[in-house]
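# Close look at the chain arrangement
The chain contents come next:
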Amino acid sequence: MKNPYSRLIINIALLFIGFIVVYSGFLIQFSYHMGQHGVIDFNKTVLHFNYSGWSNIHKIAILSLTVFMAFHFVQHWNWFKTIIKKNLIQKNKQVFILSTVFILAAITGYISWLIDLTGNDQRARTVFLEIHDKLTIILFIFLILHIAKRLKWFRVTIKRIINNEFTQQ
């Protein structure tokens, strides 16, 4: 049996860090970007942080999320291979759409971040950010569906850990 403790830790970390990514991303979008007509008030504070503070929180959370998603993907690598090999993608399309949208959102986010770090064309950065922002809305919807389908797994796994059922095997 695969280690339920590491799976639970990674899944809980993904939930926690994912919440921070979503919250900080939407906060930046709605508090600083929308309706600003290209002029962001960098000194405006929301919950004691200015734009730079929220941007740093978002970036640190994104890096952490990427690391935990890599572990999550590795844990499920055999499942992905089996689904592809047996041509069961249609039955599991929600997970494949979620995975694809996550990868695209990550790539567009990292590209815009790289453009910003290198001081290159800010117009290109804005285009990638706009694509990233739209993808994250779709990602958020699929993420909610993904988590909702797995709530029973969380309940059962936590109950089994509390009852020491995994150590008695």
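So, here's what we can say about the structure. None of the values given here were measured: they were computed from a predicted structure.

## A closer look at the packing of helix 2 (residues 51-75) against helix 4 (residues 93-118)
- Relative to each other, helix 2 and helix 4 sit at 140°, their axes nearing to 12 Å. Viewed along their axes, helix 2 and helix 4 adopt a mutual orientation that is oblique. For the pair helix 2 and helix 4, the sense of crossing is left-handed. Here K59, I62, L63, L65, T66 and M69 of helix 2 come into contact with helix 4, specifically with F102, Y110, W113 and D116.

## Some points on the packing of aromatic side chains
- Throughout the structure, instances matching the rule amount to 14 aromatic pairs.
- Look at F73 and W77: their rings are 5.4 Å apart centre to centre, the planes differ by 55°, and that puts the pair in the tilted class.
- For F73, a relative accessible area of 36% translates into the label partly exposed.
- Judged by relative accessible area, W77 falls into the partly exposed class, the value being 41%.
- An aromatic cluster is built from F73, W77, W79, F80 and F96, whose rings are joined through pairwise contacts.
- When the ring centre of Y32 is taken as reference, the NZ or CZ atom of K44 above it lies at 5.7 Å.

## A word on helix 5 (residues 122-149)
- In this model, helix 5 (28 residues) spans 40 Å end to end at C-alpha, consistent with the 40 Å of a helix rising 1.5 Å per residue.
- Taking the backbone nitrogen of R123 as reference, a side-chain oxygen 3.1 Å away marks D121 as the first, capping residue of helix 5.

## Digging into a nonpolar patch on the surface
- Where nonpolar side chains cluster on the molecular surface, the patch consists of I137, F140, I141, I144 and L145 and spans about 430 Å² of accessible area.
- Turning to its location among the elements, I144 is positioned in helix 5.
- Here I144 falls in the partly exposed class, since its relative accessible area comes to 45%.

Criteria and cut-off values
- Residues numbered from 1 in each chain as written.
- Predicted model: local features only at pLDDT ≥ 70, side-chain atom pairs only at ≥ 80, totals over all residues.
- Heavy atoms only, no water.
- Axes fitted to C-alpha atoms, helices over the stretch in contact; angles between N-to-C directions.
- Helix = DSSP H or I, 4+ residues; strand = E, 2+ residues; numbered from the N terminus.
- Parallel < 35°, antiparallel > 145°, perpendicular 65-115°, else oblique.
- Left-handed = near helix turned anticlockwise from the far one by under 90°.
- Contact = heavy atoms within 4.5 Å.
- Phe/Tyr/Trp six-rings, centres within 6.5 Å; stacked < 30°, edge-to-face > 60°.
- Buried < 20%, exposed > 50% of the residue type's maximum accessible area, 1.4 Å probe, protein only.
- Lys NZ or Arg CZ within 6 Å of the ring centre and 35° of its normal.
- Expected span 1.5 Å × (residues − 1).
- Polar contact = N/O pair within 3.5 Å; in protein donor to acceptor, adjacent residues only side chain to side chain.
- Patch = residues over 30% accessible without salt bridge, like charges linked within 9 Å, V, L, I, M, F, W, Y side chains within 5 Å.
- Areas by Shrake-Rupley, 256 points an atom, 1.4 Å probe, with all protein chains shown as cover.
- Salt bridge = Lys/Arg side-chain N within 4 Å of Asp/Glu carboxyl O.

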